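Notes for the structure review
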Protein chains: 2
Amino acid sequence: MKTNTKQKILDAGVRLMHEKGFNDTGLQEILKEASVPKGSFYFYFKNKQDFGIQVIDCFFQHFKSVLNRFTEDASMPHVQRLQTFFSGFLDFFVNGDFKGGCPIGNFTLEMADVNEDFREHLNLILEQSIDLIANQIKYAQEKKEIQNVDDPKTLAEFIFFSWEGMIMQMKVSKDRKHLEQFNCFVFNQLIRNNKM
Amino acid sequence: MKTNTKQKILDAGVRLMHEKGFNDTGLQEILKEASVPKGSFYFYFKNKQDFGIQVIDCFFQHFKSVLNRFTEDASMPHVQRLQTFFSGFLDFFVNGDFKGGCPIGNFTLEMADVNEDFREHLNLILEQSIDLIANQIKYAQEKKEIQNVDDPKTLAEFIFFSWEGMIMQMKVSKDRKHLEQFNCFVFNQLIRNNKM
């Protein structure tokens, strides 16, 4: 029951903070959205910052589970699994009318400069996200699927943050073509498939 | 005198909104920072939104003037001028302790989803920024400096928003290596110089 209440508050935070950011989401609003009594918040969370950091972890868990779903499909080469992952997220953005964008990217631009605890935690989460992408590139290298990659980690960083940039562009243009172009540049030029 | 007061208010808005974003910057704070009387604001601006849009224009004018300063240097090939422009901005970020990031990118993530007037104006400004980069790539093509670019506009879009992504990464990592890596990927792989 207790776990349920905590999860309800976190779920409400995830929805509201994805839509409005950290600062613009009030605690009252979160508790109302979660339909839990007012006193519950401080039973589960030290303060709003502690809550925000746990909300970031929820976003990261979601990112990891989506990435794993796509990259565990052994019927495809690793490069194609990665490409399918990015295309899957593109469909998700199109279905959501291009709103919201990447919640971890949003948190970064909003909070990294003004709160050192957030910055450190976001840095950690982003490093782990990049490592997950880099692992796929390494597997593709080991299987000799790709020919032109020197350093999987550096390439994964460039891919991940270019993607964050494309999500930003998509938020403003409301056009899927930018993420399609991202796929072209990344999977035709930066990563060249040996079978192409 | 009137123009001076308007410019003072805009300059204060530019400083504060770059640091704290649009929503977190109050009008009182802007007027205090600008040291102008309270009543002045509505003489020059319809409302906070109208002011925010004019602040975005100030950021864009600054971006254009920096880009022009680098790209008008006829002693260098066009590709090198573009590369020098990105390196110049990197130095600016390093000197500023990686804080602030790109104000137009910040405005986009904060406002594009929640205010249609902001979204339309940001879309226009970003299109114009991309066209300025695309023009440099076109000039480089015309002068046969580069060999592997099909569509300057599409490439300029990818470069511009990858750069936005790198700025995001830099805000969180406080490390210049990401923008250096950006230069490598863009100017060694995506754009290949004929003279290399």
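Residues numbered from 1 in each chain as written. Chains lettered and ligands numbered in written order. Predicted model: local features only at pLDDT ≥ 70, side-chain atom pairs only at ≥ 80, totals over all residues. Heavy atoms only, no water.

1. What to know about the overall build of chain A
Threshold: Secondary structure is summarised from DSSP: a helix means a run of H or I of at least four residues, a strand means a run of E of at least two, and numbering begins at the N terminus for each. Only protein chains enter the accessibility calculation, which uses a 1.4 Å probe; a residue whose area is less than 20% of its type maximum is buried, one above 50% is exposed, and one in between is partly exposed. When checking whether two residues touch, look at their non-hydrogen atoms; a contact exists if any pair is within 4.5 Å. Calculation of accessible area relied on Shrake-Rupley with a 1.4 Å probe; when residues are assessed, cover is drawn exclusively from the protein chains displayed.
Check the secondary structure of chain A and you find 9 helices and 0 strands. For chain A, the succession of helices and strands along the chain, N to C, is α-α-α-α-α-α-α-α-α. Looking at chain A as a whole, 55% of its 196 residues qualify as buried. Restricting the contact set of chain A to residue pairs at least 6 apart, pairs at least 24 apart contribute 66%. For chain A, the exposed area adds up to about 9,000 Å²; of that, 49% sits on carbon and sulfur atoms.

2. Considering the relation of the copies chain A and chain B
We count it as follows: We place the copies in one frame by least squares, fitting the C-alpha atoms of every residue whose pLDDT is at least 70 in both.
Mapping chain A onto chain B leaves a residual RMSD of 0.0 Å; the transformation is a rotation of 180 degrees accompanied by 0.0 Å of translation along its axis. When the rotation and shift are considered jointly, the pair of chain copies conforms to a two-fold rotation axis. Mapped onto chain B, 100% of the interface residues of chain A are again interface residues, and the two copies thus contact each other with one and the same surface.

3. What about unusual backbone geometry?
In terms of backbone geometry, most residues other than glycine have negative phi values and most peptide bonds are trans. Residues and elements named next belong to chain A. The phi dihedral of Lys144 falls on the positive side, at around 55 degrees, and the residue is not glycine. Turning to its location among the elements, Lys144 is positioned in the loop between helix 7 (116-142) and helix 8 (152-173). Residue class for Lys144 comes out exposed when judged on its relative accessible area of 64%. At Lys174, a residue that is not glycine, the phi angle is positive and equals roughly 55 degrees. Taking relative accessible area as the criterion, Lys174 reaches 25% and is therefore assigned partly exposed.

4. Quick word on the packing of aromatic side chains
To be explicit about the condition: Aromatic contacts are taken between Phe, Tyr and Trp rings whose centres are within 6.5 Å, Trp giving its six-membered ring; a plane angle under 30 degrees counts as stacked, one over 60 as edge-to-face, and the others as tilted. Whether a charge lies above a ring is judged from NZ of Lys or CZ of Arg, which has to be within 6 Å of the ring centre and within 35 degrees of the ring normal.
The final tally for this structure, using the stated rule, is 54 aromatic pairs over all chains. The ring of Phe22 of chain A carries Lys48 of chain A above its face, with NZ or CZ at 4.4 Å from the centroid.

5. Thoughts on helix 4 (residues 48-71) of chain B
Our working rule: A helix is expected to span 1.5 Å multiplied by its residue count minus one. Contacts described as polar in this section are N or O atom pairs within 3.5 Å, which, within protein, must combine one atom able to donate a hydrogen with one able to accept it, while residues neighboring in sequence count only if both atoms come from side chains.
When the terminal C-alpha atoms of helix 4 of chain B are compared, their 34 Å separation across 24 residues agrees well with the 34 Å that a helix rising 1.5 Å per residue should span. At the N-terminal boundary of helix 4 of chain B, the capping side chain belongs to Asn47 of chain B, with an oxygen 3.2 Å from the backbone nitrogen of Gln49 of chain B.

6. Side note on the side chain of Asn183 of chain B
Turning to its location among the elements, Asn183 of chain B is positioned in helix 9 (residues 177-190). What Asn183 of chain B contacts, discounting residues up to four positions off in sequence, is Gln83, Phe86, Ser87 and Asn188 of chain B.

7. A closer look at the interface of chain A and chain B
By a frequent convention, interface size equals the accessible area lost on bringing the separate parts together. Heads up, the rule is: For salt bridges, the criterion is a side-chain nitrogen of Lys or Arg within 4 Å of an Asp or Glu carboxyl oxygen.
Each partner contributes to the interface: chain A provides 42 residues, whereas chain B provides 42 residues. Where chain A meets chain B, there are 4 salt bridges. Residues Asp113 of chain A and Lys171 of chain B are paired through a salt bridge, measuring 3.5 Å at the closest nitrogen-oxygen approach. Scanning the region where chain A abuts chain B turns up 9 residue pairs in polar contact (both at pLDDT 80 or more). Those elements that provide at least two residues to the side of chain A that touches chain B are helix 6 (103-111), helix 7, helix 8 and helix 9 (177-190) of chain A.

8. Points about the environment of Asp73 of chain A
Residue and element names in this part refer to chain A. Along the chain, Asp73 falls in the loop between helix 4 (48-71) and helix 5 (78-95). A relative accessible area of 29% means that Asp73 is categorised as partly exposed. Once the C-alpha coordinates of Asp73 and Phe107 are considered, the two residues, 34 residues apart in sequence, prove to be 31 Å apart.

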